[in-house]
Amino acid sequence: MRERSKELLLRARAVIPGGVNSPVRAHRAVGGDPVFLARGKGAHVWDVDGNEYIDFIGSWGPLILGHAHDAVIAAVQQTAQWGTSFGASTEREVEFAELLVRLVPSLDKVRLVSSGTEATMSALRLARGFTGRDKLIKVEGGYHGHADAFLVRAGSGAATFGVPDSAGVPAGVAADTLTVPYNDLEGVGELLSSKKLRAQIAAVIVEPVAGNMGVVPPDQGYLQGLRELCDHSGCLLIFDEVITGFRVGLSGAQGLYGVRPDLTCLGKIIGGGLPVGAYGGRSEIMDRIAPDGPVYQAGTLSGNPLAVAAGLAAVNELMRDPPYAVLERRTNQFVEQVGQCAREAGIPSTTNHVGSMFTTFFTDRPVRDLTSAKLSNTERFGRFHHAMLERGVLLAPSQFEAAFLSTAHSSEDLARTLEAVRESLATV
Ligand code: PMP
């Protein structure tokens, strides 16, 4: 029943590494083969064999309005007729930057790029250029794109000098990345008060709500604590809001938790499903970027007309009719019901959620960092993922990912999903 997907996978593997253009799509963490998708509308996608799925991946976060939202499609179609790229400034870029600056509290100025990775790596270079320091503190299990400096995990100590997570990352680069557990203020405090290190640390980068070890909310006071520690030591606080920006509210996690970072990275939702990223912050810092300042960063397709049109349409739609209260209520109710199903099936589970992002971990322990997330039964998750797929529900193919509710998920979609959850849990 997935013959065409199977055929395409064989062809893909011959010419694309692993058959995929991004490794998580390969289903290695859950077993089984990926499906090739042909189209999407609202909360539904169809594969190349014509099977329909209720989608909780949402392109890994961008599609808060669902697939092929009318306003986004209209904006892209209209804009495409006028030219797809100029490599010159356009009116829409200004309009878009004005909108982002108005909505996201920490932004005085913002620079558009074409991916989340570009946003974070540029923010890091800027933080280094601004402070004149080289080292970075990141969270264990935090993902900030695939630039060298971020592909580093902790060793066995509470905090340790980085070792590369990926071949090809120079040891010298990794050595400048220090890692601490999420929600561990003390760990950050220790590094920032270390006589040897404190004058070398340019920035602390964090997903204000962790999304890449599965969803993990910040403990009360964690983000405020990071703010204070950074202020005290003169390093910059970077919020990677590539997932949370416009996902947890119009002003992002920084609005939700009332903490203002020095620099903010955006992506995903602000592109409406097209390739967009952005980084911004206080004028004093942003003015160090070329051509005004000495920190170089550029992009042939930065501010691309189609991407900006899609992003503007999506953000305008979110402003016109903010969906956040409703999404949060529906997600609350949904994860409550999922938890109930798990209890009935006698399967240990913990669900974390913030707004419309959530993860059900197959562990009965609270999940507040990577170590506790890793207590999850990933084999069970693999079986669960497979069972859900067979029942027409698409989940991200890893235990350590967020699921996303969109405005397009109907009550019927959620009821059907719960039925699939019930049946699937019975098989795992
Ligand atoms: N930061 C976060 C928090 C992300 O989740 C991601 C991607 N999942 C990135 C950065 C990198 O974005 P991109 O894949 O667009 O380069």
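Residues numbered from 1 in each chain as written. Predicted model: local features only at pLDDT ≥ 70, side-chain atom pairs only at ≥ 80, totals over all residues. Heavy atoms only, no water.

**A closer look at the sheet that holds strand E15 (residues 357–361)**
Point 1. Spatially, E14-E15-E17 is the arrangement adopted by the three strands of the open sheet, whose pairing is antiparallel. Where the open sheet ends on each side, the last strands, each with one partner, are strand E14 (350–354) and strand E17 (403–404).
Point 2. In the sheet, E14 pairs with E15 via five bridges, with the strands oriented antiparallel. Considered in E15, the bridge of Thr351 is made with Thr360. (Pairing = 2+ DSSP bridges. Helix = DSSP H or I, 4+ residues; strand = E, 2+ residues; numbered from the N terminus.)

**Re the site of the ligand**
Point 1. Neighbouring the ligand are the residues Ser115, Gly116, Thr117, Tyr143, His144, Gly145, Glu207, Asn212, Asp240, Val242, Ile243 and Lys268.
Point 2. Between the ligand and Tyr143, the relevant distance is 3.4 Å, taken from a nitrogen atom to a main-chain nitrogen or oxygen of the residue.
Point 3. For the ligand, a nitrogen atom lies 2.6 Å from a polar atom in the side chain of Asp240.
Point 4. With the chains in place, 80% of the 400 Å² that the ligand exposes on its own is no longer accessible.
Point 5. Across the shell around the ligand, the residue classes break down as three nonpolar, six polar and three charged. (Near = heavy atom within 4 Å. Polar contact = N/O pair within 3.5 Å; in protein donor to acceptor, adjacent residues only side chain to side chain. Areas by Shrake-Rupley, 256 points an atom, 1.4 Å probe, with all protein chains shown as cover. Nonpolar A, V, L, I, M, F, W, Y, C, P; charged D, E, K, R; others polar.)

**Here we look at the confidence of the model for the protein chain**
Point 1. The predicted model of the protein chain averages 96 in pLDDT, with 98% of residues at 70 or higher.
Point 2. The lowest-confidence element of the protein chain is strand E7 (residues 160–161), averaging 52 in pLDDT; the highest-confidence one is strand E12 (residues 263–266), averaging 99.
Point 3. Every residue in residues 154–160 scores below 50 in pLDDT, and together they form 13 contacts with partners more than four places removed in sequence or on other chains. (pLDDT = per-residue confidence, 0-100. Contact = heavy atoms within 4.5 Å.)

**Brief notes about the packing of helix H13 (residues 378–390) against helix H14 (residues 411–427)**
Point 1. Relative orientation of the contacting elements H13 and H14 amounts to 135°, with a least axis distance of 9 Å. When the interaxial angle is binned, H13 and H14 end up oblique. Crossing hand, H13 versus H14: right-handed. Side by side, H13 and H14 meet where Phe384, Ala387 and Met388 of the first sit next to Thr417, Ala420, Val421, Ser424, Leu425 and Thr427 of the second.
Point 2. Class assignment for the residues of the contact of H13 with H14 results in six nonpolar, three polar and no charged. (Axes fitted to C-alpha atoms, helices over the stretch in contact; angles between N-to-C directions. Parallel < 35°, antiparallel > 145°, perpendicular 65-115°, else oblique. Left-handed = near helix turned anticlockwise from the far one by under 90°.)

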